[in-house]
Amino acid sequence: HPDFADMIVLKTLKEISIPVYFHHPNVTTSFKAGRPLPPGHVSVTDMLDDFLPPNHPLNLNEMLQNPTEYVLPLGHPDFAEMMTIETLNLPSISVYFNHPNATESFVAGHAL
């Protein structure tokens, strides 16, 4: 029987580089843990549409919002490898001493 490796044609992935800020969670880890894409997240489908192979499921947002309903195929590229981490340049904002911790409030889901 012929060697399977001789029958497989490896394709090089198109270069994909999506800039994200340093605090962005690891997408592969989040997906595998069943953590959905947060509401209001920028459209991943729109960002990656030009890079997807022709037979790829089209609605990436649906897949990432419902990770427990989808299984990545064996050999799927690691999402994190497609992301480039950028430094976040935040402005300095003066607030009163009794201002709540903005990060804790955000994580707790409190509105402004």
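One structure accompanies this document, and this report is about it. (Residues numbered from 1 in each chain as written. Predicted model: local features only at pLDDT ≥ 70, side-chain atom pairs only at ≥ 80, totals over all residues. Heavy atoms only, no water.)

1. Let's talk about the overall build of the protein chain
Check the secondary structure of the protein chain and you find five helices and two strands. Counting from the amino terminus, the protein chain carries its helices and strands in the arrangement α-β-α-α-α-β-α. In the protein chain, buried positions account for 21% of the 112 residues. Here the contacts in the protein chain between residues at least 6 apart in sequence split such that 71% fall between residues at least 24 apart. For the protein chain, the exposed surface amounts to about 9700 Å²; the carbon and sulfur share of it is 60%. (Helix = DSSP H or I, 4+ residues; strand = E, 2+ residues; numbered from the N terminus. Buried < 20%, exposed > 50% of the residue type's maximum accessible area, 1.4 Å probe, protein only. Contact = heavy atoms within 4.5 Å. Areas by Shrake-Rupley, 256 points an atom, 1.4 Å probe, with all protein chains shown as cover.)

2. Things to note about the environment of arginine 35
When you line up the elements, arginine 35 lands in the loop between helix H2 (27–32) and helix H3 (44–48). Put simply, arginine 35 and threonine 68 are 33 residues apart on the chain and 8.2 Å apart in space, counted from C-alpha to C-alpha. Setting aside residues no more than four positions away along its own chain, arginine 35 makes contact with Thr29, Ser30, Leu64 and Pro67.

3. Structural notes on the nonpolar core
One finds Val44, Leu48, Leu60, Leu64 and Phe79 to be the most contacted residues of the largest nonpolar core, which totals 15 residues. For this core, the secondary-structure elements that each account for two or more residues are strand E1 (18–21), H2, H3 and helix H4 (60–65). Looking at which element gives the most residues to this core, the answer is H4, with three residues. (Core = buried A, V, L, I, M, F, W, Y, C linked by side-chain atoms within 4.5 Å.)

4. What about the pairing of E1?
Only one face of E1 is covered, namely the face carrying Ile18 and Val20; the face carrying Pro19 and Tyr21 is uncovered. Sheet topology places E1 next to strand E2 (residues 83–86); four bridges connect them, and they run parallel. The residue bridging proline 19 from the neighbouring strand is threonine 84, located in E2. (Pairing = 2+ DSSP bridges.)

5. What to know about a nonpolar patch on the surface
Together, Tyr21, Phe22 and Ile85 make up an exposed nonpolar region whose accessible area comes to about 340 Å². Mapped onto the elements of the fold, phenylalanine 22 is located in the loop between E1 and H2. On the basis of relative accessible area, phenylalanine 22 is assigned to the exposed category, the value being 53%. (Patch = residues over 30% accessible without salt bridge, like charges linked within 9 Å, V, L, I, M, F, W, Y side chains within 5 Å. Salt bridge = Lys/Arg side-chain N within 4 Å of Asp/Glu carboxyl O.)

6. Considering the environment of asparagine 66
Here asparagine 66 lies in the loop between H4 and E2. When the C-alpha atoms of asparagine 66 and glycine 34 are compared, they prove to be 7.6 Å apart, with 32 residues separating the residues in sequence. At 2.9 Å, the side chain of asparagine 66 forms a polar contact with the side chain of glutamate 62. (Polar contact = N/O pair within 3.5 Å; in protein donor to acceptor, adjacent residues only side chain to side chain.)

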